[in-house]
Amino acid sequence: MAISKLQSFTRILLVALLGSLIAACSGGQRETDNAAAEGILLIGNGTEPKGLDPHLVTGVPENHIISSLIEGLIAYHPTDDLIPAPGVAESWESNDDYTVWTFTLRDDAVWTNGDPVVAGDFTYSWQRILTPMLGSEYAPMLYVIKGAQAFHAGETEDFSTVGVQAMDEKTLQVTLEGPTPHFPNMLKHYSFFPVNPRAVEEHGGMTDRQSGWSTVENFVGNGPFKLKSWVTNQMIEVERNTDYWDNETVKLNGIRFFPVENPSTEETMYRSGRLHLTSTVPPDKIPSLRESVPEQLRIEPYLGSYFYRVNVTRAPFDNPKVRQALAVSFDKKLLVEKVTKGGQAPATGFVPAGIPGYDASTKVQYDPELGKKLLAEAGYPNGKGFPKAEILINTSESHRKIAEAMQAMWKDNLGIDVGIYNQEWKVYLDSQSNLDYDFSRSGWIGDYVHPTTFLELFTTGNGNNDTGWGSAQYDALIAKAQTAQSEEDRVQALHDAEEILLTEMPVLPIYWYTLVYMKDTQLRGWEPKVLDNHPYKYVYFETN
Amino acid sequence: MLKFVAGRLLQGILVLLAIYAVTFFLVAATPGSPFSSERAIRPEILAQIEAFYGYDKPVFERFMTSLGNALSGEFGPSAVYANRTVTDIISESFPVSLKLGALSLLLAMTLGIPAGILAAVKRNTWLDYVPMSAAMVGICLPTFVMGPMLALVFGIILKVLPVAGWFGPEFWILPAATLGLVYAAYFARLTRGGMLEMLNQDWVRTARAKGVKETTIIWRHCLKGGLMPAVTFLGPALAGIISGSFVVETIFQVPGLGQWFVRGALNRDDFLILGLTVLFATMIVIMNLLVDIVQVALNPRLKYE
């Protein structure tokens with residue numbers, strides 16, 4: 001009797017469970033199809049954004065959202081990374097040596113609070129990001145502007161010493177430190193984006209890091225979309241901004257950004273029809289996805305360099321011959337084909353290929369015989385007597401696999417033993433900047449499409465150098481590039497500088513990045529972009 | 001009983017203070033800063049940021065300030081997430097974790113306890129073997145295997161349930177099931193053990209000999225005692241569900257506390273770590289107290305002391 005009671009109880013439970021399952025069944029309609037019909041784009045966007053204030057954030061997920069909400073003077077071109085497209089500025093011109101730029105702002109650019117976008121908004125915004133009190137990490141992007149570095153370093157509190165001036169409501173004049181023909185392209189970066197002065201002042205003022213102006217209730221933007229909702233760790237939704245000056249071009253009605261940190265979860269979401277785009281793909285899945293859904297798997301060049309820093313302050317790495325030997329004694333081609341598998345390009349130089357007007361260096365080629373010879377010349381024939389060195393990586397399976405491949409190839413080719421140790425991200429950052437390592441796994445993504453964004457890292461004492469290396473000649477060439485009168489001279493100086501870097505080898509280039517992601521086949525207007533900046537206003541679905 | 005509860009609460013407060021202090025100094029001693037990033041920050045700018053959040057003060061002074069704030073219920077701003085305070089973060093994500101935890105625990109008990117009772121009563125039949133083997137498998141399968149498996153079956157193959165997010169009841173099922181099934185297995189085995197012990201007692205034999213109905217023996221005489229191990233397990237189960245929920249939250253994109261806890265630690269977001277630690281510790285202290293009270297209520301051999 002008792003048993004039958006229990007059995008019936010279990011049965012009821014099972015029925016209830018099944019019932020809820022069936023109730024939950026939504027009829028198999030894919031979320032992506034519904035959203036596409038409504039003109040809403042569903043994007044996997046990495047992590048929860050740390051904020052949406054363009055002057056305080058530094059990350060890629062933040063950039064993806066902010067670029068839908070705010071527009072700078074110059075906007076992204078739909079297909080070509082090098083062409084500056086009109087943004088708030090409808091036209092711009094420079095003097096002959098590219099040191100003074102004049103931007104004419106369009107009349108119909110407005111903020112979502114109704115204010116017109118005026119030249120004064122830009123002077124206010126640039127003063128804000130350069131104010132030391134605010135503590136903006138990206139402020140050095142603006143050092144290209146005359147006097148900006150001194151103001152940011154607190155040497156003066158007078159912003160009129162900085163080369164930016166609102167001539168009238170619609171005219172902005174910018175004076176630069178040196179000739180910079182690529183200045184308009186730099187302006188695409190969010191550190192140059194304007195903020196609405198009224199909103200900022202209402203919610204804590206210019207220098208308040210915890211200012212509330214960029215929360216979902218208070219956000220004021222001037223972009224093609226406006227912030228609609230923000231549920232932490234769930235979704236940020238933006239909707240069409242009908243007051244945007246170029247609203248006619250905008251085809252999407254909204255975008256939902258999902259902060260999905262786990263690539264496997266993101267892939268599952270994509271496969272079950274909940275995302276049109278993923279931010280990445282689990283590396284292990286690339287081969288099988290290449291087989292099963294080649295039309296949805298995207299592998300595109302990304303302006304980034306993966307390399308090992310070498311600590312040149314430690315023996316035997318203070319000897320350039322040792323560093324050169326190490327640099328030529330691993331097979332990058334094999335590494336990208338068998339280990340990383342994401343279509344990356346073997347790096348034969350430090351600056352990645354794909355920057356128009358700058359031919360990537362082909363100097364560093366795989367040549368184990370040369371490696372052996374160099375190592376012998378350095379006093380370690382066949383690796384004899386070579387001290388045990390270690391590769392520092394931040395904790396990650398993919399970095400470990402690469403380090404293991406390096407370890408094996410160096411052992412085979414040079415006869416040296418190298419260990420691997422991992423540190424948690426923040427500890428790793430500390431070790432790297434304190435020069436507490438032999439080799440440190442590193443990566444660098446360009447901020448704008450120009451070799452400068454890579455090569456200026458290794459000037460003596462640069463905060464991001466982190467190798468202990470410095471060369472007066474190198475510094476002179478970078479300085480020369482900054483003031484060169486023609487782009488030709490500039491490129492030549494940068495080539496010469498890279499040549500020195502690749503001879504001295506404080507860094508061992510490994511591969512140039514690719515972006516690997518999944519893309520829904522209905523999506524149009526989402527073109528390969530080396531900086532992963534896709535202007536949403538040109539994106540649409542084939543169904544609408 | 002009142003005296004007992006008051007005493008335990010006092011103990012709890014001391015425990016919390018100790019946990020707060022240990023966490024604070026451990027975090028302060030950990031290398032790395034919430035403001036370090038791949039791109040170097042100029043030292044003078046870093047100094048500005050540190051001053052803004054009070055990191056320029058000596059450790060002990062920071063501890064006293066932070067403790068004072070915590071006592072008034074404010075844990076301060078997140079050092080990493082702009083214009084969000086720790087209280088904001090907790091008030092947003094705690095209800096989600098609570099719901100997920102409660103659902104999982106409910107599922108675990110409604111599946112596990114009846115299965116355990118059934119297995120004990122029907123010892124050495126298929127009603128014992130099948131659920132208990134399933135329970136063994138459940139205990140052995142970690143959530144990071146169970147989760148993706150359920151997502152694959154119900155989300156991708158059968159297409160009946162959403163695989164990630166927290167937008168409505170249908171989104172709750174898979175994460176709650178993943179988290180709950182493991183604990184259902186524990187509850188089943190514990191209940192079976194507890195019930196068997198009771199059923200083997202001499203007085204049960206006596207009762208049977210006197211002709212007491214089997215249902216009365218099971219429901220009235222054995223159940224209370226048989227549930228003891230399961231009740232004792234509630235405290236650790238809750239702790240496990242909360243700390244173990246990080247994996248489930250990541251797999252199913254649930255905006256709960258677990259993700260913040262791990263992210264706080266990775267970001268060195270001191271205030272956030274402290275806030276969450278205090279919250280978890282408080283919950284465990286309270287749950288343990290409740291479990292003790294329930295135990296005394298169920299077991300006449302125990303007294304409030």
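Residues numbered from 1 in each chain as written. Chains lettered and ligands numbered in written order. Predicted model: local features only at pLDDT ≥ 70, side-chain atom pairs only at ≥ 80, totals over all residues. Heavy atoms only, no water.

### Thoughts on the overall build of chain A
For step 1, the next point in the chain: When you go through chain A residue by residue, the secondary structure sums to 17 helices and 18 strands.
For step 2, the next point in the chain: In terms of overall dimensions, chain A is globule-like: its C-alpha atoms have a radius of gyration of 26 Å, near the 24 Å expected for 544 residues.
For step 3, the next point in the chain: Over its C-alpha atoms, taken along the principal directions, chain A stretches across nearly 80 × 80 × 40 Å.
For step 4, the next point in the chain: Scored against the burial criterion, the 544 residues of chain A give a buried share of 58%.
For step 5, the next point in the chain: Partitioning the intrachain contacts of chain A with sequence separation of at least 6 by distance along the chain shows that 69% fall at a separation of at least 24.
For step 6, the next point in the chain: When the accessible surface of chain A is split by element, carbon and sulfur atoms take 50% of a total near 20700 Å².
For step 7, the next point in the chain: Side chains of chain A give 45 positive and 71 negative charges; the mean places of these two sets differ by 9 Å. (Helix = DSSP H or I, 4+ residues; strand = E, 2+ residues; numbered from the N terminus. Rg over C-alpha atoms; globule rule 2.2 N^0.38 Å. Buried < 20%, exposed > 50% of the residue type's maximum accessible area, 1.4 Å probe, protein only. Contact = heavy atoms within 4.5 Å. Areas by Shrake-Rupley, 256 points an atom, 1.4 Å probe, with all protein chains shown as cover. Lys, Arg positive; Asp, Glu negative; His and termini not counted. Charge placed at Lys NZ, Arg CZ, Asp CG, Glu CD.)

### Some points on the confidence of the model for chain B
For step 1, the next point in the chain: The predicted model of chain B averages 88 in pLDDT, with 99% of residues at 70 or higher.
For step 2, the next point in the chain: By mean pLDDT, helix α10 (residues 228-252) of chain B is the weakest element of chain B at 82, and helix α7 (residues 169-199) of chain B is the strongest at 92. (pLDDT = per-residue confidence, 0-100.)

### Side note on the interface of chain B and chain A
For step 1, the next point in the chain: Listed by partner, the interface residues are 65 residues for chain B and 61 residues for chain A.
For step 2, the next point in the chain: When chain B packs against chain A, close to 5400 Å² is buried across both sides, 60% of that on carbon and sulfur atoms.
For step 3, the next point in the chain: With a shortest N-O distance of 2.8 Å, Glu261 of chain A and Arg263 of chain B are connected by a salt bridge.
For step 4, the next point in the chain: Where chain B touches chain A, the interface holds 27 residue pairs in polar contact (both at pLDDT 80 or more).
For step 5, the next point in the chain: Of all the secondary-structure elements, those providing two or more residues to the side of chain B that touches chain A are α2 (43-52), α4 (86-121), α6 (143-157), α7, α9 (214-226), α10 and α11 (257-267) of chain B.
For step 6, the next point in the chain: Here the side of chain B that touches chain A gets eight residues from one element, more than from any other, and that element is α4 of chain B.
For step 7, the next point in the chain: Of the residues contributing to the side of chain B that touches chain A, the split by class is 39 nonpolar, 16 polar and 10 charged. (Buried area = accessible area lost by both parts, 1.4 Å probe. Salt bridge = Lys/Arg side-chain N within 4 Å of Asp/Glu carboxyl O. Polar contact = N/O pair within 3.5 Å; in protein donor to acceptor, adjacent residues only side chain to side chain. Nonpolar A, V, L, I, M, F, W, Y, C, P; charged D, E, K, R; others polar.)

### Section: the nonpolar core
For step 1, the next point in the chain: Counting residues in hydrophobic clusters, the biggest one holds 92 residues, and the most contacted among them are Tyr20, Tyr183 and Phe187 of chain B.
For step 2, the next point in the chain: For this core, the leading source of residues is α7 of chain B, giving 12 residues.
For step 3, the next point in the chain: Those residues in contact with Phe187 of chain B, other than ones at most four positions away along the chain, are Leu105, Ala108, Met109, Gly112, Ile113, Ala230, Phe233, Leu234 and Ala237 of chain B.
For step 4, the next point in the chain: In terms of nonpolar packing, the next biggest core, distinct from the first, is built from 73 residues, Leu105, Phe151, Phe183 and Phe193 of chain A among them. (Core = buried A, V, L, I, M, F, W, Y, C linked by side-chain atoms within 4.5 Å.)

### Examining the pattern of salt bridges
Residue and element names in this part refer to chain A.
For step 1, the next point in the chain: Counted by the stated rule, this structure contains 32 salt bridges over all chains.
For step 2, the next point in the chain: Across the salt bridge formed by Lys363 and Glu499, the nearest N and O atoms sit 3.1 Å from each other. Here Glu499 lies in helix α17 (residues 487-504) and Lys363 lies in the loop between β12 (345-346) and α12 (368-377), a separation of 136 residues in the sequence.
For step 3, the next point in the chain: Overall, the relative accessible area of 38% leaves Glu499 in the partly exposed class.
For step 4, the next point in the chain: Between Arg524 and Glu542 there is a salt bridge whose closest N-O contact spans 2.7 Å. Separated by 18 residues along the polypeptide, Arg524 in strand β17 (residues 523-524) and Glu542 in the segment after β18 (540-541) bring together distant segments of the chain.
For step 5, the next point in the chain: When its relative accessible area of 25% is taken as the criterion, Arg524 is described as partly exposed.
For step 6, the next point in the chain: Several salt bridges share partner residues, and in doing so they unite Asp115, Arg198 and Glu202 into one network.

### Let's talk about the sheet that holds strand β13 (residues 389-394) of chain A
The strands making up a sheet associate through backbone hydrogen bonding, with each pair oriented either parallel or antiparallel.
Residues and elements named next belong to chain A.
For step 1, the next point in the chain: Pairing is mixed across the open sheet formed by six strands, whose spatial order is β12-β16-β11-β15-β13-β14. Each having just a single partner strand, β12 and β14 (418-423) make up the two edges of the open sheet.
For step 2, the next point in the chain: Summarising the sheet, β13 and β14 pair through six bridges and their orientation is parallel. Paired with Glu390 across the bridge in β14 is Gly419.
For step 3, the next point in the chain: Running at roughly 165° to β14, helix α13 (residues 397-414) makes contact with β11 (297-310), β13, β14, β15 (439-445) and β16 (507-518) of the sheet.
For step 4, the next point in the chain: Of the strands in this sheet, β11, β13, β14 and β15 are in contact with helix α14 (residues 425-433), which crosses β15 at around 100°. (Pairing = 2+ DSSP bridges. Axes fitted to C-alpha atoms, helices over the stretch in contact; angles between N-to-C directions.)

### Things to note about the packing of aromatic side chains
For step 1, the next point in the chain: On inspection of all chains with the given rule, the structure shows 46 aromatic pairs over all chains.
For step 2, the next point in the chain: Ring pairs connect the aromatic residues Tyr98, Trp101, Phe103, Phe122, Trp126, Phe183 and Phe192 of chain A, which therefore count as one cluster.
For step 3, the next point in the chain: The ring of Trp245 of chain A carries the charged tip of Arg106 of chain A above its face, separated from the ring centre by 3.4 Å.
For step 4, the next point in the chain: When the ring centre of Trp260 of chain B is taken as reference, the NZ or CZ atom of Arg263 of chain B above it lies at 5.0 Å. (Phe/Tyr/Trp six-rings, centres within 6.5 Å; stacked < 30°, edge-to-face > 60°. Lys NZ or Arg CZ within 6 Å of the ring centre and 35° of its normal.)

### Brief notes about the environment of Phe271 of chain B
Residues and elements named next belong to chain B.
For step 1, the next point in the chain: Tracing the sequence through the fold places Phe271 in helix α12 (residues 270-298).
For step 2, the next point in the chain: Overall, Phe271 belongs to the buried group, its relative accessible area being 15%.
For step 3, the next point in the chain: As for Phe271 and Glu74, which are separated by 197 residues in sequence, their C-alpha atoms are 9.6 Å apart.
For step 4, the next point in the chain: With near-sequence residues (within four places) excluded, Phe271 lies in contact with Tyr53, Tyr55, Phe75, Pro77 and Val86.

### Let's talk about helix α2 (residues 31-38) of chain A
All names here are of chain A.
For step 1, the next point in the chain: Those residues of α2 that sit buried are Thr32, Ala35 and Ala36. One face of α2 carries all of its buried residues, which in axial projection span an arc of 100°.
For step 2, the next point in the chain: Buried residues belonging to α2 abut β1 (40-44) and β18.
For step 3, the next point in the chain: Note on α2: the residue one or two positions beyond its end, Gly39, has a positive phi of about 75°. (Arc of directions from axis to C-beta.)

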